[in-house]
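Now for the letters of each chain:
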Amino acid sequence: MSHNSSILYVVATPIGNLGDMTDRARQVLAQVDLIAAEDTRHTRRLLTHFGIKAKLCPYHDHNEAQMVERLLALLSQGRDLALVSDAGTPLISDPGFVLVRAARQRGFGVVPIPGSNAAICALSASGLPCDRFLFLGFPPRASARRRAWLTGLLTEPGTLVFYESGGRAAASLADMGAVLGTERRAVLARELTKRFETFIHAPLGALAERLDDDPEQRLGALVILVEGSRKTDETVREAEEERVLTILSDALPLKQAAALAARITGGNRNRLYQLALRRREHRGFDSPRGC
């Protein structure tokens, strides 16, 4: 519960179509004492369009640490502030978390003014399941780090939602295909709410190729959505157990291979031994290493 009367408003702004600006957002931006904006030039154009005259100050990744104390001081003086990003809902892959957390810790009111959000906008029209999803923001820039990061998502059953720049989208999609599987269904959403709004549906492998061949689809900021895994943690664990068993059984007697595979993976030794026997029988030969 707030102990101070001042309020920090977290205000969503349009991601493209200015018709998505809410009446409440306009009223708040017109009434606050100061607007902290990711890019003051961009926000000034938005405010001018709606006839709003307001004081602006820059608040972005590079000055966030210095600005927080200044903004908290204004709140302590009884001023109401608004936080906006270049487009969409602040804090969603945009600066603002440090300020919101600090304001709450100091007992100031923090009030969300909801509106546009690119991730939710894309998800709602993607045709992929929306009952469970995981928003992941921007993937790591380097391919090796990106692939390692994606490996942690192999068994996530919810739809995966990423932001990506046009310049890195093709490489990111290629890595997603390599790690998550080229046949996973995916959707690329671009120019959301604008005149040339586009949704491209294709398996990850084909989607990466499409972006390689069509530079126009790499323009602007993109939302990439990937269907969740149909594998459970158990099936992934069993697949790893079987992979280790296959390697060991090529070099060791089956009982020894099964016992060692169980020790390495934590799997059930009897299950692995029976699996090794079935595989040998399926190959249609009898090996002296089976004892």
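It should be emphasised that the depicted structure is a prediction, and the values quoted were computed from it without experimental measurement. (Residues numbered from 1 in each chain as written. Predicted model: local features only at pLDDT ≥ 70, side-chain atom pairs only at ≥ 80, totals over all residues. Heavy atoms only, no water.)

## A closer look at the layout of surface pockets
Our working definition: Definitions used throughout: a 1 Å grid over protein atoms alone; a cavity as a set of points that fits a 1.4 Å probe which cannot get out; a pocket as an open set with protein on both sides within 12 Å along at least five of seven lines; a lining residue as one with an atom within 4 Å of a point. Grid points are joined across faces, edges and corners, and a volume is the space filled by probe spheres set on the points. The helix and strand labels rest on DSSP assignments: H or I over at least four residues marks a helix, E over at least two residues marks a strand, and numbering proceeds from the N terminus. In the scheme used here, Gly and all other residues not listed as nonpolar or charged are polar, with Ala, Val, Leu, Ile, Met, Phe, Trp, Tyr, Cys and Pro taken as nonpolar and Asp, Glu, Lys and Arg as charged.
The computed volume of the largest pocket comes to approximately 620 Å³. What lines the largest pocket is a set of 25 residues, among which Ala-87, Ala-118, Tyr-163, Ala-221 and Leu-222 lie closest to the centre. Of all elements in the fold, only strand 7 (159–165), strand 8 (185–190) and strand 10 (221–226) reach the threshold of two or more residues within the lining of the largest pocket. Of the residues that constitute the lining of the largest pocket, the class distribution is eleven nonpolar, six polar and eight charged.

## Focus: the confidence of the model for the protein chain
The test is simple: In predicted models, pLDDT denotes the confidence assigned by the predictor to each residue on a 0 to 100 scale. Throughout, a contact is declared for two residues whenever any of their heavy atoms are within 4.5 Å.
Averaged over every residue, the pLDDT of the protein chain is 91; residues scoring 70 or more account for 94%. A low-confidence stretch, residues 285–291 (pLDDT under 50), is modelled with 15 contacts involving residues beyond four sequence positions or located in other chains.

## A short note on the sheet that holds strand 3 (residues 56–58)
Here is the rule we go by: Two strands form a pair only when DSSP identifies at least two bridges running between them. Axis lines are fitted to C-alpha atoms, over the contacting stretch for helices. Their N-to-C directions set the angle, which ranges from 0 to 180 degrees.
In spatial order, the strands read 3-2-4-1-5; together these five strands make up an open sheet with parallel pairing. Unpaired on one side and paired on the other, strand 3 and strand 5 (109–113) mark the two borders of the sheet. Taking each pair of neighbouring strands and ignoring which way they run, the sheet shows an average axis angle of 25°. In the sheet, strand 2 (residues 34–37) pairs with strand 4 (residues 81–84) via four bridges, with the strands oriented parallel. Following the sheet pairing, Leu-34 is matched in strand 4 by Leu-81. Together, strand 1 (7–11), strand 4 and strand 5 form the strand contacts of helix 4 (residues 97–105), whose direction differs from that of strand 1 by roughly 150°.

## Considerations on the side chain of Thr-198
Just so we agree on the cut-off: Think of a polar contact as two N or O atoms within 3.5 Å of one another; within protein, one of them needs to be a possible hydrogen donor and the other a possible acceptor, and neighboring residues in sequence only count if both atoms come from side chains.
Here Thr-198 shows up in strand 9 (residues 198–203). In this structure the side chain of Thr-198 is engaged in a polar contact, spanning 2.8 Å, whose partner is the backbone oxygen of Phe-196. Setting aside chain neighbours within four positions, we find Thr-198 in contact with Leu-188, Ala-189, Arg-190 and Gln-217.

## Describing helix 3 (residues 64–76)
Inclusion rule: Here the expected span of a helix is defined as 1.5 Å times the quantity of residues minus one. Only protein chains enter the accessibility calculation, which uses a 1.4 Å probe; a residue is then buried when its area is under 20% of its type maximum, exposed when over 50%, and partly exposed in between. This arc describes the spread of directions from the helix axis toward the C-beta atoms.
Helix length check: helix 3 (13 residues) gives 18 Å between terminal C-alpha atoms against 18 Å at 1.5 Å per residue, within 8%. Here helix 3 has its buried residues at Glu-64, Met-67, Val-68, Leu-71, Leu-72, Leu-74 and Leu-75. Across the axial projection of helix 3, the buried residues extend over an arc of 155°, all falling on one side. Those residues of helix 3 that are exposed and aimed more than 90 degrees away from the buried face are Ala-65, Gln-66 and Ser-76. Directly beyond the C-terminal end of helix 3, a positive phi value near 90° is found at Gly-78.

## Some remarks on the pattern of salt bridges
Proximity of charged atoms lets side chains of opposite charge pair with each other. What counts here: For salt bridges, the criterion is a side-chain nitrogen of Lys or Arg within 4 Å of an Asp or Glu carboxyl oxygen.
Applying the stated criterion across every chain yields a total of twelve salt bridges. For Glu-164, the salt bridge goes to Arg-168, with nearest N and O atoms at 3.4 Å. The buried category is assigned to Glu-164, whose relative accessible area is 0%. Taking relative accessible area as the criterion, Arg-168 reaches 22% and is therefore assigned partly exposed. Its salt-bridge partner being Arg-271, residue Glu-241 comes within 2.6 Å of it at the nearest N-O pair. Pair noted here: Glu-241 is in helix 9 (residues 233–249) and Arg-271 is in helix 11 (residues 269–283), with a separation of 30 residues, a long-range link. The class for Glu-241 is buried, based on a relative accessible area of 5%. The exposure class assigned to Arg-271 is partly exposed, which follows from its relative accessible area of 28%. Counted as one network, the salt bridges with shared partners bring together Arg-146, Arg-147 and Asp-175.

## Section: the sheet that holds strand 7
Taken in spatial order, the five strands make up an open sheet running 6-7-10-8-9, and their pairing is mixed. Edge strands, defined here as strands with exactly one partner in the open sheet, are strand 6 (133–137) and strand 9. Going across the sheet, the axis of each strand differs from the next one's by a mean of 20°, ignoring polarity. Note: strand 7 against strand 10, six bridges, orientation antiparallel. Considered in strand 10, the bridge of Val-161 is made with Leu-225. Helix-sheet contacts for helix 7 (residues 166–180) involve strand 7 and strand 10, and the interaxial angle to strand 7 is about 150°.

## Section: the packing of aromatic side chains
Remark: the centre distance and the inter-plane angle together describe each pair of aromatic rings, the angle taken between the planes. Note the threshold: Under the pairing criterion, centres of Phe, Tyr and Trp rings, with the six-membered ring standing for Trp, must be within 6.5 Å; the plane angle then separates stacked pairs below 30 degrees from edge-to-face pairs above 60, leaving the rest tilted.
Enumeration according to the criterion identifies three aromatic pairs in this entry. A centroid spacing of 4.9 Å and a plane angle of 70° characterise the contact between Phe-135 and Tyr-163, whose relative ring orientation is edge-to-face. Linking Phe-135 in strand 6 with Tyr-163 in strand 7, this pair joins segments that are 28 residues apart in sequence. Look at Tyr-163 and you get buried, because its relative accessible area is 9%.

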